[in-house]
Structures are given as structure tokens and as C-alpha cells.
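Here is what each chain is made of, one letter per residue.
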Amino acid sequence: MPVLVMKFGGTSVANLDRIRRVAKRIGVEVAKGYDVIVIVSAMSGKTNELVGWVNETSPLYDAREYDAVVSSGENVTAGLMALTLQEMDVPARSWQGWQVPLMTTSAHGQARIEEIPTKNINEKFGEGMRVAVVAGFQGISPEGRITTLGRGGSDTTAVAFAAAFEAERCDIYTDVDGVYTTDPRICEKARKLDKISFEEMLELASLGAKVLQTRSVELAMRYKVKLRVLSSFEEQSDEAGTLVCDEEDIMESNVVAGVAYSRDEAKMTAVSVADRPGIASTIFTALSDEGVNVDMIVQNISDEGRTDMTFSCPTDQVARAEKALLAIKDKGELNYQELVADTDVCKVSVVGIGMRSQSGVAAKMFKILSDEGINIKVITTSEIKISVLIDRKYMELAVQALHDAFELEKAA
């Protein structure tokens, strides 16, 4: 039988009533003739509660025990879902990561999937099981320890299973009914997209859109897994939600597909550093070693052998960045006049595969921001993306103005 993968997030399985509702939806797909692999997250709020308990017990915790604790939420959901399906006379079994076994690296808290053998689950399908309810977010290391894939890792679990089992499709059920041109909470004109390319979705996810985890989109693009984002709270049709697919599967699209934003950004500048070969390597190696996720980078014009080096990073990593640069300054590896951190900024981006073949998008974006009196602090671009760093107080204005200017409320 064809295989369908269905993933349900925490809000979709937040209580027993919602689990029963989800189980009915799964039963519909079984009745259509699918063998179904269901990936479940922990009930809404449960992972945060477990993380809080770990931090309260041991602020400098052992990452292996952290994984043992926080992975337990998915186990509860998987068991309850399997029991609910059994009550509906649907042959179902729950599977923890080690039972599949979903093999990962040993990087506890941020493990990466290495292999998903299909033998165990396929044997059970052959014996009459119709639904395998798999605990998302978790796997097993080469040492035999439970691992977790990082926050949002159940999306990655779902796509990886779809690739391994050559599923017809991977449906991601969330509390929104698809991918929008921007956040509907900020812009009431935001429009749900019927289709979006992998590349556009990957950029939007990495730039702040919370609908899908970035790693899950990367996997889907690599293995050509058709993804569909749907709401678990609305009645569904075959055309419901948003399909994330190859660019070739989209007949016509707007030049700009969407506007994304990231509120928690900081701009940091090392003032007056030596302008010599290797200085950038020194700075960004130190930041990398300290685990700072650097995004935008700008180096100013040199003046008398000195230059300013500006970069952006998440606001919660500013202290780590300051620590890293102070450490290499104390060692004499870097000399700067001062380190300036601006934590009152945000990143706003426009994304679209149509930008490859149409010029003038950057000019239009910059003019719109100028007309609204919004100053641009940093700019970065790629083939299908333009991002700017601006004062956070202008974030909603910028998103709304750009959405209007590129007429994203209109379909192509």
C-alpha cells in the first residue's frame, strides 16, 4: 500500500479531545488505502515544562540526561494516540526513536539524523498494522543513548520518514492553515499561498517564518519530498493548505513570494580593528567557537589601516559574542577600540524565486522604506532574498509597506 506521513504539532495534540479529533483524521486516510506513519510532538507546553525542570535541577546539566528527560513528552503522546486509534478499531502501534531505530549523531540536544531503517515498521505493516505512531524529535546515538533533534525537530523527523519510506506525501498539521505571504497577525492583507517552492520556503523559514523548521525544508528539498502544510483545526479538502514543492511544479508565481521578519536581532560592531589579512578569520572563528550564530556581515572602508567590522546575531547571543571577542582581545589576537551592541533592531526580508529574472526589486524595496522614513542599517542579499536590518520600532510598518508595495495580496 502507498505510505502517507502525517505530522501533528503540540497544539494539535494538546489534550485528549484533540488527540481524538486527530485520530479521526488519520482514520480517514487509512480508509483511503494508505499505510500511515504518524509523527507526534509532545502535548502543547509539555516540552517547555520538562526543559524548565531540567534547568531547575541542574543549570549546568549533562546533555545526555537532558535528552532523556525532554524526549519523554513525545512518548506520552505516541502512546495515547495509538490507544485512541485502537479504540476506533484502527490497527496502530506506538514507536519510540530507539525502536525504529532512528539513528543519529551523538550531538545531544542537536543531533542529526543519519539513517532510518525501514525493516521493523514495514514488517509490522506486513502483519496488518495500518498506523505507526512515531515519537518525533528523538532518536538513538551510536552509543545507544536517547538523543533529541533540537526544538521543532518533529518536522525534521516527519520529512526524514517520508524520504526513507518513499511516502507519497508528507502532511504537516499545525495551528495555521498554510504558508502566508507574511504574518497575518501583522498584516491583515496576508494571503495564503497554494504552492511555494522549496527554496522560497527555506529562505522564509531561516529568516523568521515559524511555520516549518529550517532543517525539515532542507531535507525535503534534497530528497524531493512533497510537503503540505495544513491546519488540524479545519475541515480538509485535497487542495487544502500550502504545498511546498519543486519550482518546476509551480506554473506562475509573483516576483516576491513573501515578507519575513525576525524581531530578536542585534547589531554588533567592533570599532577600529586592524585592516589586515586574517582579521575576519580571527573574529569569526572566535564567534563560531563560542556558538554565536552570525548572519549579516559588513566591513567598512579602511581608513589609515583601521576598519569597523559589523555583524548581526540573535539578541540572546550578544553576551557570548562579547565574551568571545574580549577573550581574543585579552590574548593580543585582536585590537579594537570598542565593541558596540545595538539590541533594538530587527531584520525584514523579501523572498521570491522571481527575483532571479527580474531586476529592480532591491531598488523598489529601498525606496519604499525610504518613503516611510525607515533608515537601513545593514543590507544582505542572495539570489532570491534581500534582507535589511532596521530599528525594531519600524518592523510592523516595514512589513505592511513592503507587502502592499509588492501587491502580495494578489495571486500571480
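Treat the numbers as computed from the prediction; the structure is a model and nothing was measured.

### Describing the domain arrangement of the protein
Thought 1: Domain annotation of the protein identifies domain 1 (3–175) and domain 2 (259–406).
Thought 2: Here the C-alpha centre of domain 2 lies 37 Å away from the C-alpha centre of domain 1.

### Notes on the sheet that holds strand β18 (residues 385–391)
In sheet architecture, strand pairing relies on hydrogen bonds along the backbone and comes in two forms, parallel and antiparallel.
Thought 1: Taking strand neighbours across the sheet as the criterion, the six strands line up as β14-β15-β13-β16-β18-β17 in an open arrangement whose pairing is antiparallel. Every other strand in the sheet has two partners, leaving β14 (297–299) and β17 (378–382) as the edge strands with one partner each. Averaged over all adjacent pairs, the angle separating strand axes in this sheet is 25°, with direction ignored.
Thought 2: In terms of strand pairing, strand β16 (residues 338–351) meets β18 through seven bridges, oriented antiparallel. The residue of β18 that forms the bridge with K347 is L389.
Thought 3: With respect to the sheet, helix α9 (residues 279–289) is in contact with β13 (258–274), β14 and β15 (306–314), its orientation differing from that of β15 by roughly 25°.
Thought 4: Each of β16, β17 and β18 is contacted by helix α11 (residues 361–371), which is oriented at about 20° to β18, the strand it contacts most.

### A closer look at the sheet that holds strand β6 (residues 131–135)
Thought 1: Strand order in the open sheet formed by eight strands is β3-β6-β2-β1-β9-β11-β12-β10, and the pairing between neighbours is mixed. One side of each edge strand has no neighbouring strand; the edge strands of this open sheet are β3 (92–95) and β10 (195–197). This sheet shows a mean twist of 20° between the axes of neighbouring strands, independent of strand direction.
Thought 2: In terms of strand pairing, strand β11 (residues 227–231) meets strand β12 (residues 242–245) through three bridges, oriented antiparallel. Across the sheet, V229 pairs through a bridge with T242, a residue of β12.

### Quick look at helix α8 (residues 214–223)
Thought 1: Among the residues of α8, R215, S216, V217, L219 and A220 are the ones counted as buried.
Thought 2: In this fold, the buried residues of α8 make contact with α6 (153–164), α7 (198–206) and β11.
Thought 3: Where α8 ends, the next residue or the one after it, K224, has phi of about 55°, a positive value.

### Thoughts on the packing of α6 against α8
The angle between the axes and the distance between the axes are what describe a pair of packed helices.
Thought 1: One way to put it is that α6 packs onto α8 with a least axis distance of 8 Å and a crossing angle of 15°. Compared by their axis directions, α6 and α8 come out roughly parallel. Where α6 crosses over α8, the handedness of that crossing is left-handed. Seen from α6, the contacting residues are D155, T156, V159, A160 and A163; seen from α8, they are R215, S216, L219, A220 and Y223.
Thought 2: Residues belonging to the contact of α6 with α8 are distributed by class as follows: six nonpolar, two polar and two charged.

### Considerations on the UniProt feature "binding site: ATP" (unreviewed entry) in the protein
Thought 1: Mapped onto the present numbering, the UniProt feature "binding site: ATP" (unreviewed entry) falls at K7, F8, G9, G10, T174, D175, Y180, R185, K210 and V211. The named residues occupy 205 residues along the chain; their greatest pairwise C-alpha distance, 24.3 Å, places them well apart from one another.
Thought 2: Within the secondary structure, F8 sits in strand β1 (residues 3–8).
Thought 3: Accessibility expressed as a relative area gives 0% for F8, which makes it buried.
Thought 4: Take V211: it is sitting in the loop between α7 and α8.

Calculation notes
Numbering of residues begins from 1 in every chain and follows the order in which that chain's sequence is written. At least 70 in pLDDT is required for a residue's local features to be given in this predicted model, at least 80 for side-chain atom pairs to be given and counted, and no such filter applies to totals for whole chains, interfaces and linings, which use all residues. Computation of side-chain values: all heavy atoms of the structure, hydrogens and water removed. All domain edges in this entry derive from an automatic or database-based domain assignment. By the convention used here, strands pair only if DSSP detects at least 2 bridges between them. The way it works is that DSSP assigns letters per residue, a run of H or I at least four long becomes a helix, a run of E at least two long becomes a strand, and they are numbered from the N terminus. Simply put, an axis is a line fit to the C-alpha atoms, just over the touching stretch for a helix, and the angle between two N-to-C directions goes from 0 to 180 degrees. For this analysis, residues touch if any pair of their heavy atoms sits within 4.5 Å. Relative accessible area decides the class of each residue, using a 1.4 Å probe on protein chains only: under 20% of the type maximum gives buried, over 50% gives exposed, and in between gives partly exposed. By the definition adopted for this analysis, an angle is roughly parallel if under 35 degrees, roughly antiparallel if over 145, roughly perpendicular if from 65 to 115, and oblique otherwise. When the near helix sits turned anticlockwise from the far one by under a right angle, the crossing is termed left-handed; a clockwise turn instead gives a right-handed crossing. Just so you know the grouping, Ala, Val, Leu, Ile, Met, Phe, Trp, Tyr, Cys and Pro go in nonpolar, Asp, Glu, Lys and Arg go in charged, and all remaining residues, Gly too, go in polar. UniProt positions are given in the numbering used here, feature names are shortened, and annotations may be inferred rather than shown by experiment.

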